[in-house]
Amino acid sequence: MPTAHYIDTHCHLDGEEFNVDRDDVVQRAREAGCKQIFLPAIDLATCHSVLATCHRYPDYCYPMLGLHPEEVRSDWRDQLAAIRTLLTADSHCDVTLSKREKPIAIGEVGLDYYWSREFEQEQLKAFEEQVRWSVETRLPLMIHCRKAQNELVAILKRYAADLPGGVFHCFTGNEQEALQLLEFPRFVLGIGGVLTFKKSHLPEVLPAVVPLQRLVLETDAPYMAPVPLRGQRNESAYITHVITRLAEAYGVSEEEICRQTNENVEKVFGIST
């Protein structure tokens, strides 16, 4: 376990999977060295649960609000209108948030054609609208992408000069895909449990083309727990296994992984680490 602190930049701690032992999960994260946890919403309902969870753990959990591509349906315009209001409201969920509890990013947003292209055009429009929010609000983007990188990059290129930055969440691609994303200089790649999987090529891909200055740590909990916990419910404490594997891949200490990824978080999100 690293002696330095780290940050989980993507954890669905508001999810029902944590309803029974959420306080214990947070305590285990603190004990493992997790200094902060960022929570992405996926739709209007989870915007409220994310905000409520962050209010429960002030100065530790931070909210990100957006509409996930898999949640884009026929009502996407109505959902976006409501989420946009939440982004700038002074109070949420019947509670007044401190400055440190207000949304730090727009997410989880993006494109996902893995299961279906039924709402392909709606996804494109919803994503582009949220990209425009990023430009307007100066909040970074937390981006989800599956089977749609070319389409996603095409949209981002139209706003590249004005975007404040963000994270390409759950990067699992090859060297060419990494280089394409690194062309957006204010963006970083989010790395989680997949790095530790037996068939993952990330331990070779990342050191070959991705500087440590372009990475942040994440869990995507409760999903994608790292080896040796694969198949279990993931949680922020488990990032220590990712840190160990990342240090081995880059040939540096675990403390250096923590130090550099924390610095990267501060650059992207503007939050002191």
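Refer to the structure above for everything that follows.
I will try to describe carefully the structure that is included in this document.

Procedures and definitions
- Residues numbered from 1 in each chain as written.
- Predicted model: local features only at pLDDT ≥ 70, side-chain atom pairs only at ≥ 80, totals over all residues.
- Heavy atoms only, no water.
- Buried < 20%, exposed > 50% of the residue type's maximum accessible area, 1.4 Å probe, protein only.
- Helix = DSSP H or I, 4+ residues; strand = E, 2+ residues; numbered from the N terminus.
- Pairing = 2+ DSSP bridges.
- Right-handed = clockwise from strand over helix to strand, strands pointing away.
- Phe/Tyr/Trp six-rings, centres within 6.5 Å; stacked < 30°, edge-to-face > 60°.
- Lys NZ or Arg CZ within 6 Å of the ring centre and 35° of its normal.
- Axes fitted to C-alpha atoms, helices over the stretch in contact; angles between N-to-C directions.
- Contact = heavy atoms within 4.5 Å.
- Expected span 1.5 Å × (residues − 1).
- Arc of directions from axis to C-beta.

**Thoughts on the pairing of strand S6 (residues 105–112)**
Residues in a regular strand project their side chains so that they alternate between the two faces of the sheet. The buried count for S6 comes to eight of eight residues, which makes it a mostly enclosed element. Relative to strand S7 (residues 141–146), S6 runs parallel, the two being bridged by six bridges. Counterpart to Leu 111 in the pairing with S7 is Cys 145. Between the parallel pair S6 and S7, the chain is carried across by helix H4 (residues 120–137), and the sense of this crossover is right-handed.

**Notes on unusual backbone geometry**
Glu 108 follows Gly 107 through a cis peptide bond whose omega is 20°. Secondary-structure assignment places Glu 108 in strand S6. Cis peptide bonds are those with omega within 30 degrees of zero, and the linkage from Val 227 to Pro 228 qualifies with 15°. Within the element layout of this structure, Pro 228 appears in the loop between strand S10 (215–217) and helix H8 (239–250). Positive phi values are uncommon outside glycine, yet Lys 147 reaches one of about 55°. Assignment of secondary structure puts Lys 147 in the loop between S7 and helix H5 (149–159).

**Re the packing of aromatic side chains**
This model, assessed by the stated rule, comprises six aromatic pairs. Here a set of aromatic residues connected by ring pairs shows up, and it is made of Phe 38, Tyr 62 and Phe 269. Sitting over the face of the ring of Phe 197, Arg 230 holds its NZ or CZ atom 3.7 Å from the ring centroid.

**What to know about the sheet that holds strand S1 (residues 6–8)**
Across the sheet, eight strands lie side by side as S1-S2-S3-S6-S7-S8-S9-S10; this open sheet has parallel pairing. If you trace the sheet from one side to the other, it starts and ends with S1 and S10, each paired once. On average, each strand axis in the sheet is tilted by 30° relative to the strand beside it, whichever way the strands run. The pairing of strand S2 (residues 34–40) with strand S3 (residues 61–65) spans four bridges and is parallel. Within the sheet, the bridge partner assigned to Leu 39 lies in S3 and is Pro 63. Sitting on the sheet, H5 touches S6, S7 and strand S8 (166–168), and the angle it makes with S7 is about 150°.

**With respect to H8**
Counted at 1.5 Å a residue, the expected span for H8 with its 12 residues is 16 Å, and the 16 Å between its end C-alpha atoms agrees. Taken together, the buried positions of H8 are occupied by Ile 239, Thr 240, Val 242, Ile 243, Leu 246, Ala 247 and Tyr 250. Considered in projection along H8, the buried side chains sweep an arc of 155° and stay on one side of the axis. Lining the buried residues of H8 we find S1, helix H1 (22–32), strand S9 (187–191), helix H7 (202–209), S10 and helix H9 (254–269). Backbone geometry just downstream of H8 places Gly 251 in the positive-phi region, at approximately 70°.

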